[in-house]
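Take a look at the letters that make up each chain.
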Amino acid sequence: MTIYHYLIIGNGAAGMSAAEMIRQRDPSGRITIVTNEPYLCYSRPGIAYYIMDQVPESQLITRGDSFYRSHRLKLHFGQVSRLDLEAKLVFLEDGQPLAYDVLLLATGATAVPATFPGAHLEGVLTFDTLDDAKRVVKQGRRAKTAVVVGGGITAMELAEGLRHQGARTLLLQRGDRIWPRLFDEQESAIVESQIRHEGISILYNEEITEVVGKRGKVAGVRLKSGRAIKCQVVAVAIGVRPNIHLVEELAIQKDKGILVNDFLQSSQPSLFAAGDVAQVYDHWTGQHQLDILWPSAINEGRAAGINMVDVAHGKSPSFNYHKGSPFNCALLFGLHLTVIGRVSTKADGDVDQLQYLSRGSSHVWTAPFTTSTRSAWDKDGLNSLRIVMAEGQIVGALLLGNQELADPLRRFIEQEVDLSNYETQLTPANTKLPQTLLQAWRVWNQRWS
Ligand SMILES: Cc1cc2nc3c(=O)[nH]c(=O)nc-3n(C[C@H](O)[C@H](O)[C@H](O)COP(=O)(O)OP(=O)(O)OC[C@H]3O[C@@H](n4cnc5c(N)ncnc54)[C@H](O)[C@@H]3O)c2cc1C
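Residues numbered from 1 in each chain as written. Predicted model: local features only at pLDDT ≥ 70, side-chain atom pairs only at ≥ 80, totals over all residues. Heavy atoms only, no water.

(A) Spatial organisation of the overall build of the protein chain. Helix and strand content of the protein chain: 10 helices and 28 strands. Taken against the 2.2 N^0.38 rule, which gives 22 Å for 449 residues, the C-alpha radius of gyration of the protein chain at 23 Å falls within 12% of a compact globule. Considering only C-alpha atoms, the protein chain reaches an extent of 70 × 65 × 40 Å along its principal axes. In the protein chain, which comprises 449 residues, the proportion classed as buried is 57%. Within the protein chain, contacts between residues separated by at least 24 positions form 62% of all contacts whose residues are at least 6 apart in sequence. Positive and negative side-chain charges in the protein chain, numbering 46 and 47 respectively, have mean positions lying 6 Å apart. (Helix = DSSP H or I, 4+ residues; strand = E, 2+ residues; numbered from the N terminus. Rg over C-alpha atoms; globule rule 2.2 N^0.38 Å. Buried < 20%, exposed > 50% of the residue type's maximum accessible area, 1.4 Å probe, protein only. Contact = heavy atoms within 4.5 Å. Lys, Arg positive; Asp, Glu negative; His and termini not counted. Charge placed at Lys NZ, Arg CZ, Asp CG, Glu CD.)

(B) A look at the sheet that holds strand S5 (residues 89-92). An order of S4-S5-S6 is seen for the three strands of this open sheet, with the pairing classed as antiparallel. Each edge of the sheet is formed by a strand with only one pairing partner; in this case those strands are strand S4 (80-84) and strand S6 (97-99). Each strand of the sheet is rotated relative to its neighbour by a mean of 25°, with strand direction disregarded. Note that S5 and S6 share three bridges and pair antiparallel. Residue pairing in the sheet places Val-90 in a bridge with Leu-98 of S6. (Pairing = 2+ DSSP bridges. Axes fitted to C-alpha atoms, helices over the stretch in contact; angles between N-to-C directions.)

(C) Expanded view of unusual backbone geometry. The backbone of Lys-88 shows a phi angle near 55°, a positive value even though the residue is not glycine. Mapped onto the secondary structure, Lys-88 falls in the loop between S4 and S5. Even without glycine at this site, Glu-391 takes up a positive phi of about 50°. Here Glu-391 lies in the loop between strand S27 (384-390) and strand S28 (393-400). A relative accessible area of 64% means that Glu-391 is categorised as exposed.

(D) Main features of the domain arrangement of the protein chain. Taken as a whole, the protein chain is organised into domain 1 (5-110 + 241-312), domain 2 (124-236) and domain 3 (327-448). Placing the centre of domain 1 and that of domain 3 at their C-alpha centroids yields a distance of 33 Å. (Domains from an automatic or database assignment.)

(E) Just a positive patch on the surface, in detail. Among the surface-exposed residues, Lys-138, Arg-142, Lys-144, Lys-214, Arg-215, Lys-217 and Lys-230 lie close enough to one another that they form a single positively charged patch. Among the secondary structure elements, Arg-215 is positioned in the loop between strand S13 (208-214) and strand S14 (217-223). (Patch = residues over 30% accessible without salt bridge, like charges linked within 9 Å, V, L, I, M, F, W, Y side chains within 5 Å. Areas by Shrake-Rupley, 256 points an atom, 1.4 Å probe, with all protein chains shown as cover. Salt bridge = Lys/Arg side-chain N within 4 Å of Asp/Glu carboxyl O.)

(F) Expanded view of the pattern of salt bridges. All chains considered together, the criterion is met by 13 salt bridges. The partner of Glu-207 in a salt bridge is Arg-174, with the nearest N and O atoms 3.4 Å apart. With Glu-207 in the loop between strand S12 (201-203) and S13 and Arg-174 in the loop between strand S11 (168-172) and helix H7 (185-197), the pair connects residues that are 33 residues apart, well separated along the chain. For Glu-207, a relative accessible area of 27% translates into the label partly exposed. Taken together, the shared-partner salt bridges in this structure form one network comprising Asp-184, Glu-187, Lys-379 and Arg-386.

(G) Layout of the sheet that holds strand S7 (residues 102-105). Judged by pairing direction, the sheet is parallel, and its five strands sit side by side in the order S3-S2-S1-S7-S19 without closing on themselves. At either margin of the open sheet sits one strand with a lone partner, and together these are strand S3 (73-77) and strand S19 (271-273). Pairs of neighbouring strands in the sheet enclose a mean axial angle of 20°, with direction left out of account. Sheet topology note: the strand S1 (residues 5-9)/S7 ladder contains four bridges and is parallel. Counted as the bridge partner of Ile-9 is Leu-105 from S7. Across the sheet, helix H8 (residues 294-312) is in contact with S1, S7 and S19; its angle to S7 comes to roughly 160°.

(H) Local environment of the packing of aromatic side chains. All chains considered together, the criterion is met by five aromatic pairs. Here the aromatic rings of Phe-412 and Trp-441 are separated by 5.9 Å at their centres, their planes lie at 80°, and the arrangement is edge-to-face. With Phe-412 in helix H9 (residues 406-414) and Trp-441 in helix H10 (residues 433-448), this residue pair connects regions lying 29 residues apart in the sequence. For the pair Phe-412 and Trp-441, one class covers both residues: buried. Each ring, one from Phe-412 and one from Trp-444, has its centre 6.1 Å from the other, and the planes form 70°; the classification is edge-to-face. Placement of the pair is Phe-412 in helix H9 and Trp-444 in helix H10, with a sequence separation of 32 residues. Overall, Trp-444 belongs to the buried group, its relative accessible area being 11%. Each residue in the set Phe-412, Trp-441 and Trp-444 is aromatic and connected to the rest through ring pairs, giving one cluster. (Phe/Tyr/Trp six-rings, centres within 6.5 Å; stacked < 30°, edge-to-face > 60°.)

(I) Seen up close, the confidence of the model for the protein chain. Scored by pLDDT, the protein chain comes out at a mean of 91, with 93% of its residues at no less than 70. Counting interchain partners and residues more than four positions distant, the pLDDT-below-50 stretch residues 360-370 has 47 contacts. (pLDDT = per-residue confidence, 0-100.)

(J) Representation of the environment of His-288 in the model. Along the chain, His-288 turns up in strand S21 (residues 287-290). You can call His-288 partly exposed: its relative accessible area is 32%. One polar contact links the side chain of His-288 to the main-chain carbonyl oxygen of Val-260, over a distance of 3.1 Å. (Polar contact = N/O pair within 3.5 Å; in protein donor to acceptor, adjacent residues only side chain to side chain.)

Laid out in C-alpha cells, this is it:
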C-alpha cells in the first residue's frame, strides 16, 4: 500500500482544518505541518481578547498536544524558505529538504508594515500573532501614551487593548470620521461616542509623518499638521497582505493572493492554498477575492484537505468549495457590529460600488455592482440597522448595537430569499423597518422550518 505524504505550511485555522480532513479520509497517510510560530494551533481572533485580559494564553490554544498525537500530525517548528514544485521539495531555513506528494500553503496574511521614518524603532507595533499580543500588553503597561494608526477593526482593537493596559491612547484617522468607507455618518457617530466613552482621544485628518526615537525606542511622533506628540508606543494597523513570498518567483498564478480554483487547487495541480493566503472565486461578485476571516479559513482548509487526498490518490478533486456570503462580527468598545454581504455608504439610488468587510481598513474590498440598488435604515442614536436591497432581495446588512436581526438577515442574504412582497415596506420611509423584517422572518421561517 502506498503511503502518501501531505505537507502543510501553516498551523493556523486553514492548515489545521485541512490536516483534520486529510486524517479522516486517509488514515494511513503521513501528515506534516510546518509553522514558524512557537505555539500549537491557537485562535488568532482570540488575541484581541488576550490584550483585554479577557482570555488567558492557555485558553487560546485550540488543539493541544494530545490532539496532534491522536491524529498523528507531525508538527515541525521552523521557517520554510523555498519551494521546488518540480522536485516536490520544501526547504527549511537551515537547508533541510522535506519531500511531499501534495502540498498546502496555509501561510496566512501579515500586517502591512509602516513606511514612515522611525518605523523600525522599538515600540512600533503591529498585531498579527500571539507574540505581537504579548508585546502589546507589555508595552501598553509601560507606556504613558500610545498612538494608534488605522481605520479598521484591528486599529480599534489595538486602541482598546492599549487603553485597557493603562496607556493614554490617541487614535489617528486619515479621514474626517470613523471608517467612512463602511459607515454612514450616523454609524460613525455611534462608534465615535463609544470610543470617547472608553477614554480614547481621536484626531481626524491626521497622519504620522515621522516617529521620533531616543536610544532606539519610540519617543514621539510628528504629524501631517506639524503637531508633535510625545509617546512611547505607536501601533500600526493599516491593512494586511497575504504571505505569498514563497511563490513570488514561481510560475504559479497569483494576484493579491494565490489564485485557486473551486477545489482550492493552484495552477500547479499538486499545490493547494487555503485561508488568508488564497484568493478564491466569489460568485457574489464574480471575481476572485481574498477572504481574510477565521470561518472562511476553516471551510477552505477542509475543502482543500478533501481534495488533497483525491489528488494524492491519482483522482480528480471532488469537493467543490462555495464561498459563503461575507459575514463578520466584532465587538468594538462594548458595541456589537455585524456586517453581512455588501453594504455601501452611498445614498439611496446612488450605489455603484458595494463593499464588504473583511479585516482592517484596507480590507473593505469594493466590487462593481451594476444592478439598481437601494438602502433602508433604522437608527435611534445608540443602535443602527441598515439593509441594502437589489431586485427584491437583501444583499447586505450592517447592524450596530442591537443584534436581534443579525441571524435572520444572514439567512435572508445567504439564501437569496425573495422579499419582493415586502419591497414597498423595506424603505427608509418605513419607521417600523425592524418589525417588518421580523414579520418577514417569521413568515419565511414558518414556511421552511
Ligand atoms: C488580531 C486579529 C483579530 C482577528 N479577529 C477576527 C475575527 O474576529 N473574526 C474573523 O473571522 N477573523 C478574524 N481575524 C482573521 C483570522 O484570524 C484569519 O482570517 C485566520 O486566522 C486565517 O487563518 P489561516 O490559517 O489562513 O492563517 P493564519 O492563522 O495566519 O496561520 C498562518 C500560519 O502560517 C505559518 N507560516 C507563515 N509563513 C510561514 C513560513 N514561511 N514557514 C513556516 N510557517 C509559516 C504561521 O506561523 C501560521 O502558523 C483576526 C485576525 C487578527 C490578526
